[in-house]
Amino acid sequence: MMASRVTDMFSEIDKFRTELLNNVDVMTDCQRIEEEISQREILTRIENVILEIVTSLSRDEAPVLALPNRSSWANISFDSAVGLQMNSGSSVTTIRSDCPSSATKFAQILKIFLIIYRLVQSNSFATKRDIYYNNTQLFGTQKAVDGIVDDISCMLKVPRRSLHVMATSKGLISGDLCYMEEDGTRIDCRSSSAAVAVSSNIRGIRNILSSAKFVMIVEKDATFQRLLDDDFCTKMSPCILITGKGVPDVNSRLMVRKLWDALHVPVFALVDADPHGIEIMCIYKYGSVAMSFEAHSLTVPSVMWLGLLPSDLQRLRVPEDALIPLTSRDENKLQSLLKRPYVTSKPDWQKEMELMQQSKVKAEIQSLAAIAPDFLTSIYLPNKLRYGGWV
């Protein structure tokens, strides 16, 4: 009896998975992760940059560094099988050593090059936080360090993890999942009451064991905790829940990608029905402009929008006092999202976003509690997953 209930419950998900697997060869080929770059090769690339600086100085010229421009859509192309990718001939930003406005940044970049060189050479690791505390006076803010590490990664065409720089994870994961960390620690995510922090070294994860039928990305920590409190993973077992607590950090995105590569099960996104939630879902699915140079290892183009859909608000007659009027900032964000290449290629998403534009309202996932306190976990999500209510 139980077995037939489970089969029935996941029949639409299984059907969808079969569809995905028919395309998986194409996708895996398109999303081939670059070969591991040897330590020697990384050191050589850094040495070449330093050599250019020394050569400039020997000629009595002010050294200049050219960084790929990671904030311009003009440098980006869209491939539905990979997401947003940086074009090979991207425009660059020049950082001059003799210009007062960029001299500090030039010094910061050189200092971080030195730190990375030593890390790679000694095969040791540091966090971005460690780098900041190496010289707080020079760096000024943690944000400056974070940006430069990504700039260097992009400039050398080396993933940040290969530069031996780690970032602290902010994401959480729970559900039918066990794996081994690189240092041999066994991680079990099956406790229904407490989630596990996403690893800081996703590349080192091995021996992934899971019978999960699907992975669900949850936009916000509050919703994620609510699902844990309501024992969602047991009700919809076997499944995996993950949250990046808002805009996801790189480790949360790498983890979603790792799960896709290892399990090839459907990945769904549960986000607020607002422009911000849609953008967060797009980061998991198609990547971001700033990290487009690493799209191959960060995106999962098969991610589907499970909810909260603007059409759900009308269909479920969510009480009006639970809806929030769109601000002018929301309207601008929506306008810009509708013009993005990945939205123009998805008519179902376009329709949902146009509906939001017309109704001029948004809603948080928590708005479903206005229908009934346990509506999200007992009715909304089980029905969506059972009957294929995703787009």
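Everything quoted here is computed from the prediction, not taken from an experiment.

> Could you clarify how one ought to interpret unusual backbone geometry in this entry?
It is generally the case that most residues other than glycine have a negative phi and that most peptide bonds are trans. Note the cis peptide between S237 and P238, where omega equals 0°. Turning to its location among the elements, P238 is positioned in the loop between α9 (232-235) and β13 (240-243). The linkage connecting G307 with the following residue, L308, adopts the cis geometry, with an omega of -10°. One can find L308 in the loop between β15 (304-307) and α13 (310-315). One non-glycine residue, N123, lies in positive phi territory at about 55°. Its location among the elements puts N123 in the loop between α4 (103-122) and β5 (126-127). Positive phi, close to 60°, is recorded for D231, a residue that is not glycine. Position of D231 among the secondary structure elements: in the loop between α8 (221-229) and α9. Look at D231 and you get partly exposed, because its relative accessible area is 30%.

> Explain the side chain of K285 here, please?
On the secondary structure map, K285 appears in helix α11 (residues 275-286). Although buried, K285 forms no salt bridge, and the nearest oppositely charged side chain, D348, lies 10 Å from it. Among the polar contacts made by the side chain of K285, one reaches the main-chain carbonyl oxygen of P301 at a distance of 2.6 Å. Dropping the residues within four chain positions of it, K285 is found in contact with T299, V300, P301, S302, V303, K346 and W349.

> Any chance you could explain the packing of aromatic side chains here in plain terms?
How two aromatic rings sit relative to each other is given by the distance of their centres and the angle of their planes. Per the counting criterion, the structure on display carries 10 aromatic pairs. Ring centres of F16 and F268 lie 6.2 Å apart, and the angle between their planes is 25°; on these two criteria the pair is classed as stacked. Here F16 is found in helix α2 (residues 11-30), whereas its partner F268 is found in strand β14 (residues 267-270), with 252 residues between them in sequence. Relative accessible area serves as the criterion here: at 0%, F268 is assigned to the buried category. Between the aromatic rings of F78 and Y286, the centroid separation amounts to 5.2 Å while the plane-to-plane angle is 85°, which identifies the pairing as edge-to-face. Placement of the pair is F78 in strand β2 (residues 76-79) and Y286 in helix α11, with a sequence separation of 208 residues. Overall, F78 belongs to the partly exposed group, its relative accessible area being 24%.

Here is what the cut-offs are and how they apply
- Residues numbered from 1 in each chain as written.
- Predicted model: local features only at pLDDT ≥ 70, side-chain atom pairs only at ≥ 80, totals over all residues.
- Heavy atoms only, no water.
- Helix = DSSP H or I, 4+ residues; strand = E, 2+ residues; numbered from the N terminus.
- Buried < 20%, exposed > 50% of the residue type's maximum accessible area, 1.4 Å probe, protein only.
- Lys, Arg positive; Asp, Glu negative; His and termini not counted.
- Salt bridge = Lys/Arg side-chain N within 4 Å of Asp/Glu carboxyl O.
- Polar contact = N/O pair within 3.5 Å; in protein donor to acceptor, adjacent residues only side chain to side chain.
- Contact = heavy atoms within 4.5 Å.
- Phe/Tyr/Trp six-rings, centres within 6.5 Å; stacked < 30°, edge-to-face > 60°.

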